[in-house]
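Reading the structure
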Amino acid sequence: MPSPSSAVSDSGRPAPSSLWRDRDFRRLWVGQTASQLGEHTSLLVLPLFATAGQLGVLRAVGQAPILLLSLFVGAWVDSWRTRTVMVLTDAGRTLALGAAALGGLLGLLGLPALLVVAFTMGALSVFFDVAYQASLVRLVRRDQLVRGNSALEGSRSAAQIGGPALGGALVSLLSAPIAAASGALFFALSFLSIRRIRRRESIPERSEGPPRIGRRIHEGLRFVVGDTSLRTVCLASAAFQFCFAALMTVYLLFLPRELHLSGTEVGLALAAAGPGALLGSVLAARLPGRFGYGVVLLSAAALGDGAFLCVPALHGSPAVTVPVLLAVGFVFGTGGQLVNVTVMAVRQTATPDRMQGRVAATITFVGMGMIPLGSLLGGFLAQEWGLGTVAAALSRSDFW
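Residues numbered from 1 in each chain as written. Predicted model: local features only at pLDDT ≥ 70, side-chain atom pairs only at ≥ 80, totals over all residues. Heavy atoms only, no water.

The next thing to look at is the overall build of the protein chain. Scanning the protein chain from N- to C-terminus turns up 15 helices and zero strands. Long-range pairs, those at least 24 residues apart, make up 88% of the contacts in the protein chain between residues at least 6 apart in sequence. Working note: accessible area of the protein chain is about 17,800 Å², and carbon and sulfur atoms make up 67% of it. (Helix = DSSP H or I, 4+ residues; strand = E, 2+ residues; numbered from the N terminus. Contact = heavy atoms within 4.5 Å. Areas by Shrake-Rupley, 256 points an atom, 1.4 Å probe, with all protein chains shown as cover.)

The structure is reproduced here in structure tokens:
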């Protein structure tokens, strides 16, 4: 497997020792952190405007752009400066969430308007996520990718922990519309920070219409299929997402029904992955350069996924099972994030700058496309075979 540090570096980018001293990287980091805080705050706040019966539809509409738009977004992002894409999407999310906050204050946020906001936020988030993954390659040297991804993914993990907590606190202390407005402020902060990036990007070849977009999507798919490293990453991502979605469906049933945990205890077990992900981001900046990328990937995957193998054997009181589940979640978060950051650096290194958006979008599309199928399989198997049996089988399949 190629090492990112072996790639030829662009002499116009900052030296390896000056990553955090580079103002443009700091602006990208601040913008991405604020954007993630806004996104994860809104993920908690928007459902509060819906009734219980509307929640499933709202979540589905918000997630639909991942499957509907990813491939098109990848082709489109490769034709524009990533800074421009991120700035425009931040502006759009600021306006969309601000409109939701205003509608909530005035009592005008019915289900149709809420669905429009959810779809708009989901679509713009797809644009932002693809663009920011491509932007790092254009902003820093290739031998800085692991450290850059470690910093960006660390802030994402922190936002995943802090965003919902902040949103919940604002809703409790103030109101849902005010909490939505706070999310809009985070997107505005991201807009202001990323807008200040000064390093110019070369503009890739522009697409001229739908036929050209179709050809560019085909080029991205063909490039991923034709490259051994990228094809392996794509297939591994699809297999993992499929098995993990099935496992989590059973896991969320196994904890309360078989282990008799309360809602709070289930929440703690799930939240333990957050601090682990932060540790994984820190380790990802150091371990691959010391031990090699292949060794780190295999070891982290075995450690993180293997932790779930002990879950089906758990029994007894929550006083015994909850600490074990916390440890499992923490280890899984650490290993999973270490794999995620390392794989992202390998993927970015194996991909030419002009195709970063399409490759990122292709792998996201294939991987995320397996989640609904895995969830359906997990629910079906749990019903047919029983929670304990299926949890053990899926834990082994996820590990392998």
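So much for the structure itself; the text now carries on.
Now for the environment of T364. Within the secondary structure, T364 is located in helix α14 (residues 356-385). Taking the C-alpha atoms as reference points, T364 and A238, separated by 126 residues in sequence, lie 8.8 Å from one another. A distance of 2.9 Å separates a polar side-chain atom of T364 from the backbone oxygen of A360. (Polar contact = N/O pair within 3.5 Å; in protein donor to acceptor, adjacent residues only side chain to side chain.)

Next up on the list: the confidence of the model for the protein chain. For the protein chain, mean pLDDT is 80; residues scoring 70 or higher make up 86% of the total. Helix α3 (residues 82-106) holds the highest mean pLDDT among the elements of the protein chain, 92, whereas helix α15 (residues 387-399) holds the lowest, 50. In the model, residues 1-12 has pLDDT below 50 throughout and makes 24 contacts with residues more than four positions away in sequence or in other chains. (pLDDT = per-residue confidence, 0-100.)

For any two helices packed against each other, one specifies the inter-axial angle together with the distance between the axes. Remark: helix α1 (residues 23-45) packs on helix α6 (residues 176-195), axes separated minimally by 8 Å, with the N-to-C direction vectors making an angle of 160°. By the angle class used here, α1 and α6 are roughly antiparallel. As α1 runs across α6, the sense of the crossing is left-handed. Along the contact surface, α1 presents R27, V30, G31, Q32, A34, S35, L37, G38, E39, T41 and V45, while α6 presents A176, A179, A180, S182, G183, F186, F187, L189, S190, S193 and I194. (Axes fitted to C-alpha atoms, helices over the stretch in contact; angles between N-to-C directions. Parallel < 35°, antiparallel > 145°, perpendicular 65-115°, else oblique. Left-handed = near helix turned anticlockwise from the far one by under 90°.)

Judged by side-chain charge, R23, R26, R195, R196 and R198 come together as a positively charged surface patch. Within the secondary structure, R196 sits in the loop between α6 and α7 (210-226). (Patch = residues over 30% accessible without salt bridge, like charges linked within 9 Å, V, L, I, M, F, W, Y side chains within 5 Å. Salt bridge = Lys/Arg side-chain N within 4 Å of Asp/Glu carboxyl O. Lys, Arg positive; Asp, Glu negative; His and termini not counted. Charge placed at Lys NZ, Arg CZ, Asp CG, Glu CD.)

Further remarks concern a nonpolar patch on the surface. The grouping of L102, L105, L106, L108, L173, L174 and I178 at the surface amounts to a nonpolar patch, some 760 Å² of accessible area in total. Ranked by the residues each element gives to the nonpolar patch, the list is headed by α3, at three residues. Given the relative accessible area of 52%, L174 is considered exposed. (Buried < 20%, exposed > 50% of the residue type's maximum accessible area, 1.4 Å probe, protein only.)

Turning to the side chain of S135, a few remarks are in order. Relative to the helices and strands, S135 resides in helix α4 (residues 111-139). The exposure class of S135 is buried, given its relative accessible area of 5%. Non-local contacts of S135, meaning those with residues more than four positions away in its chain, are made with L28, T82 and M86.

Let us now look at the pattern of salt bridges. Counted by the stated rule, this structure contains eight salt bridges. When the shortest N-O distance is used, the salt bridge between R93 and E39 registers 3.8 Å. Placement of the pair is R93 in helix α3 and E39 in helix α1, with a sequence separation of 54 residues. For R93, a relative accessible area of 0% corresponds to the buried category. Notably, a salt bridge pairs D90 with R93, separated by 3.1 Å at the nearest N-O pair. Highlighted residues: D90 and R93, both in helix α3, separated by three residues, approximately one helical turn. Both residues of the pair, D90 and R93, belong to the buried class. Via salt bridges that share partners, D22, D24, R27 and R199 belong to a single interconnected network.

Contact pair α1 / α3: the axes reach a minimum separation of 12 Å and the direction vectors enclose 30°. Taken together, the axes of α1 and α3 lie roughly parallel to each other. α1 and α3 meet at a crossing whose hand is left-handed. Facing L28, S35, E39 and S42 of α1, the residues of α3 in contact are M86, D90, R93 and L97. Here the contact of α1 with α3 is composed, by residue class, of three nonpolar, two polar and three charged. (Nonpolar A, V, L, I, M, F, W, Y, C, P; charged D, E, K, R; others polar.)

Here α4 is 29 residues long and its end C-alpha atoms lie 41 Å apart, about the 42 Å a rise of 1.5 Å per residue gives. With 21 of 29 residues buried, α4 is to be regarded as a mostly interior element. (Expected span 1.5 Å × (residues − 1).)

Let us now look at the environment of S150. Its place among the elements puts S150 in helix α5 (residues 145-173). Given the relative accessible area of 8%, S150 is considered buried. Considering only alpha carbons, one finds S150 and L283, 133 residues apart in sequence, at a separation of 8.2 Å. The residues touching S150, leaving out its near neighbours within four places in the chain, are S281, V282, A285 and V341.

Glancing now at the packing of aromatic side chains. One pass over the structure, following the stated rule, counts three aromatic pairs. An angle of 25° between the planes, with centres 5.3 Å apart, marks the rings of W76 and W80 as stacked. The exposure class assigned to W76 is partly exposed, which follows from its relative accessible area of 30%. The partly exposed category is assigned to W80, whose relative accessible area is 30%. Every member of this aromatic cluster is reached through a ring pair, and the members are W76, W80 and F127. Its guanidinium or amino end placed over the ring of F128, R93 lies 4.8 Å from that ring's centre, counting from NZ or CZ. (Phe/Tyr/Trp six-rings, centres within 6.5 Å; stacked < 30°, edge-to-face > 60°. Lys NZ or Arg CZ within 6 Å of the ring centre and 35° of its normal.)

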